[in-house]
Amino acid sequence: MIDGIFQFIDENTYLLLGIIKAVVIASALLGVVPLLVWLERRLMGRFQVRLGPNRVGPYGLGQPISDSIKLLFKESIIQNSADKFLFHLAPVVVVFTAIVSFAVIPMTGPFELFGEKMGLWASNINSGILFVFAISGMGIYGMVLAGLSSNNKYSLMGGLRSSAQMISYELTLGLAALCVIVHTGSLNLVDMVERQNSWPNALNLLNPPLMIAFVLFFIAGIAETNRAPFDLPEAEQELVAGFHTEYTGMKFAMFFMGEYINMVTMSALITLMFLGGWNTYILPDWAIIGFVAFAFKVSFLLCVFIWLRSTFPRIRYDRLMTFGWKFLLPIAIVNLFLEAAIRVI
Amino acid sequence: MLIDLGWFSFDLFKVTYDGVVLAIGGTAVLAALGVVLCSSPIYSALYLIGHMICLALLFLMYGAEFIAAVQLIVYAGAVMILFLFIIALLGGKKESQSFDFHKFMAFSFIGTVLAELALSTRVGPTQPITGIFDEKMIANVGSAKAIGLELFSKHLIPFELASILLLVAGVGIICLAKFAYKPVRRRSN
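Since the model is a prediction, treat every value here as computed from it, not as a measurement.

A. Structural view of the overall build of chain B. Helix and strand content of chain B: 7 helices and 2 strands. The order of α-helices and β-strands along chain B, N terminus first, is β-β-α-α-α-α-α-α-α. Here chain B holds 189 residues, and the buried ones make up 16% of them. Relative to all contacts within chain B whose residues are 6 or more apart in sequence, the contacts with residues 24 or more apart total 52%.

As structure tokens, then:
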């Protein structure tokens, strides 16, 4: 019996490994969300000279747990005029795409475990960065569907705004990423990190055209994840809560989860493309140190996201569009030409 | 993994692969039917998105990663979002339509027969692809590099012509949207 089990494992190592990786990555992502909510509330408290949640557990760490229990047991209200199927589908799409797009993010260099060469990623496909853009592009549908199916003016406006905003900023995001692709000569995220592993061309960030690309990518990334100061789709003062006005309980929490997972994915992408990924340059080249370095860089970027939210006021909608189309996009195109010219010369 | 039942043996991975391809293809056809048969514009658009995603999955199953990603980004991502956008702006109401089932069946039958006739006259026997295929080339199939080389060497002129066409269309859209046509006023002396 036991021999049979071992033989089964031997024959299907890759399949089993893939399943384990998928489960671990998905559950880790979902586990990160409450921690991020806690971090955001604590940091926002600091920034605004107040305490933030500090009553439940040490440093208020019990707060996310109690919040999620509250959300789980809340009554789920669906209004009569809503389109039931789409109303249920929308939060599912948001969370699904957010988790799936993380599948190609490599978290540390390839290492050997039990004589088996493996890497800490769910899959290392050739056009990894395109995959992330493709799947996160699908995530827009969640918001548009939520807006369409709620049968509510504010939700509809929120959905429309989110789709317009994300289409506009996706162009800048893509063109900024294209600079890195031209620089690396590959669409693979692991290649992009390995291109930055030695001093002369370490840290894509220090390369002049890529420095501009970094700023563009960061700004467009904030807009893509619908974070402040670009959180027009859920502007409280004008739209109540935007596309998720009608959602309650866990379905509301799923939109939240999607937003936070997207934030993590965006930070991970920026880390991989511009900040050298898991390279530390001074510490020994171990997989575990690489992972810690990667996690440190990602959490630093997440803190910057939160910092920006508590610093800037929300910008007006027409300004947002003008900024995207007439300012960021031309700079991105010129920057791409520049990078290509430098590569050719 | 080879599964042997004594009287019948099969490769489990290969059978699963074929099954998945068939399932995706069937879903694509059903989704395409849904686009035509659905009376609510939102659901029609959603079926079209489903169809696009199925096509992307088929590309992926045949090892064309790059085309699959581009299919998702361009068609399922950008084009269909605009469709939904317009439906949301115009307010997609469900249409009530009188539906004559017999007439529909008759027409679809005639259409299918005609299409099959046209296909049978035009399509010959399947021919193998000729050319030099070493291992390196086969490994490169579907990668961005292979597609780029093909586009910018063999199909350069059509590619550039298409880009000019797109540019003209883009300029045309801006002209139509931005500058409202006003009759020329003569200056009164």
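Further notes follow.
B. Spotlight on the pattern of salt bridges. Residue and element names in this part refer to chain A. Enumeration over the complete set of coordinates arrives at 6 salt bridges over all chains. Between Arg227 and Glu40 there is a salt bridge, and its shortest N-O distance comes to 2.8 Å. Here Arg227 is found in the loop between α8 (208–224) and α9 (236–239), whereas its partner Glu40 is found in helix α2 (residues 13–47), with 187 residues between them in sequence. Measuring nitrogen to oxygen at the nearest pair gives 3.0 Å for the salt bridge that ties Asp67 to Arg41.

C. Fine view of the interface of chain A and chain B. At the junction of the two partners, chain A supplies 25 residues and chain B supplies 22 residues. When chain A packs against chain B, the two sides together hide about 2100 Å² of surface, and 80% of this comes from carbon and sulfur. For chain A, the biggest contributors to the area lost against chain B are A:Tyr141, A:Leu148 and A:Leu160; these three give 26% of the whole. The interface formed by chain A and chain B holds 0 salt bridges in total.

D. Here's a closer look at the packing of aromatic side chains. Residue and element names in this part refer to chain A. Applying the stated criterion across every chain yields a total of 13 aromatic pairs over all chains. Plain terms: the ring middles of Phe214 and Phe218 are 6.1 Å apart, the flat faces sit at 45° to each other, and that makes the pair tilted. Here Phe214 and its partner Phe218 are both found in helix α8, 4 residues apart, which amounts to about one turn of the helix. Residue Phe214 is classed as buried on the basis of its relative accessible area, which comes to 16%. Relative to Tyr260, the ring of Phe256 has its centre 5.5 Å away and its plane inclined at 40°; by these criteria the two rings are tilted. Of the two residues, Phe256 and Tyr260 both sit in helix α10 (residues 249–274), 4 residues apart, roughly one turn of that helix. Judged by its relative accessible area of 33%, Phe256 falls in the partly exposed class. Classification of Tyr260 as buried rests on a relative accessible area of 4%.

E. Main features of the domain arrangement of chain B. All names here are of chain B. Each assigned domain of chain B is listed here: domain 1 (9–93) and domain 2 (135–178). Centre-to-centre, using C-alpha coordinates, domain 1 lies 23 Å away from domain 2. At the boundary of domain 1 with domain 2, total buried surface from both sides reaches about 290 Å², with 74% on carbon and sulfur atoms. Of all residues in domain 1, the largest losses of buried area upon contact with domain 2 belong to Gly63, Phe66 and Ile67, amounting jointly to 83% of the total for that side. There are 0 salt bridges connecting domain 1 and domain 2. Where domain 1 packs against domain 2, one counts 0 residue pairs in polar contact (both at pLDDT 80 or more).

F. Highlighting the packing of helix α1 (residues 12–37) of chain B against helix α2 (residues 41–61) of chain B. All names here are of chain B. The contact between α1 and α2 brings their axes to 8 Å, and the two run at 155°. Comparing the axis directions of α1 and α2 gives the class roughly antiparallel. For the pair α1 and α2, the sense of crossing is left-handed. Along its contact with α1, which presents Tyr17, Val20, Val21, Ile24, Gly25, Thr27, Ala28, Ala31, Ala32, Gly34 and Val35, the element α2 presents Ser44, Tyr47, Leu48, Gly50, His51, Cys54, Leu57, Leu58 and Met61. Here the residues of the contact of α1 with α2 are counted per class, giving 14 nonpolar, 6 polar and no charged.

G. The packing of helix α5 (residues 128–149) of chain A against helix α3 (residues 65–90) of chain B, seen in detail. As a packed pair, α5(A) and α3(B) sit with axes 9 Å apart at the nearest point and diverge in direction by 20°. Taken as axis vectors, α5(A) and α3(B) run roughly parallel relative to one another. When the axes of α5(A) and α3(B) are compared, the crossing they make is left-handed. Contacts between α5(A) and α3(B) pair A:Leu130, A:Phe133, A:Ala134, A:Ile135, A:Met138, A:Ile140, A:Tyr141, A:Val144, A:Leu145 and A:Leu148 from the former with B:Phe66, B:Ala69, B:Leu72, B:Ile73, B:Ala76, B:Gly77, B:Met80, B:Ile81, B:Leu84 and B:Ala88 from the latter. In terms of residue class, the contact of α5(A) with α3(B) is made up of 19 nonpolar, 1 polar and no charged.

H. Geometry of a nonpolar patch on the surface. All names here are of chain B. On the surface, Val29, Leu30, Leu33, Val36, Leu37, Phe101, Phe104 and Met105 cluster together into a nonpolar patch covering about 780 Å² of accessible area. Counting residues per element, the ones that place at least two in the nonpolar patch are α1 and α4 (101–122). Take the nonpolar patch: its biggest share by element is 5 residues, from α1.

I. Layout of the nonpolar core. Residue and element names in this part refer to chain A. Residues Ile129, Phe217 and Met273 are the most contacted members of the largest nonpolar core, which totals 70 residues. Considering each element in turn, this core owes the most residues, 13 residues, to α10. Other than its neighbours up to four places away in sequence, Phe217 contacts Phe133, Leu173, Ala176, Ala177, Met266, Leu269, Ile270, Met273 and Phe274.

Conventions we followed
- Residues numbered from 1 in each chain as written.
- Chains lettered and ligands numbered in written order.
- Predicted model: local features only at pLDDT ≥ 70, side-chain atom pairs only at ≥ 80, totals over all residues.
- Heavy atoms only, no water.
- Helix = DSSP H or I, 4+ residues; strand = E, 2+ residues; numbered from the N terminus.
- Buried < 20%, exposed > 50% of the residue type's maximum accessible area, 1.4 Å probe, protein only.
- Contact = heavy atoms within 4.5 Å.
- Salt bridge = Lys/Arg side-chain N within 4 Å of Asp/Glu carboxyl O.
- Buried area = accessible area lost by both parts, 1.4 Å probe.
- Phe/Tyr/Trp six-rings, centres within 6.5 Å; stacked < 30°, edge-to-face > 60°.
- Domains from an automatic or database assignment.
- Polar contact = N/O pair within 3.5 Å; in protein donor to acceptor, adjacent residues only side chain to side chain.
- Axes fitted to C-alpha atoms, helices over the stretch in contact; angles between N-to-C directions.
- Parallel < 35°, antiparallel > 145°, perpendicular 65-115°, else oblique.
- Left-handed = near helix turned anticlockwise from the far one by under 90°.
- Nonpolar A, V, L, I, M, F, W, Y, C, P; charged D, E, K, R; others polar.
- Patch = residues over 30% accessible without salt bridge, like charges linked within 9 Å, V, L, I, M, F, W, Y side chains within 5 Å.
- Areas by Shrake-Rupley, 256 points an atom, 1.4 Å probe, with all protein chains shown as cover.
- Core = buried A, V, L, I, M, F, W, Y, C linked by side-chain atoms within 4.5 Å.

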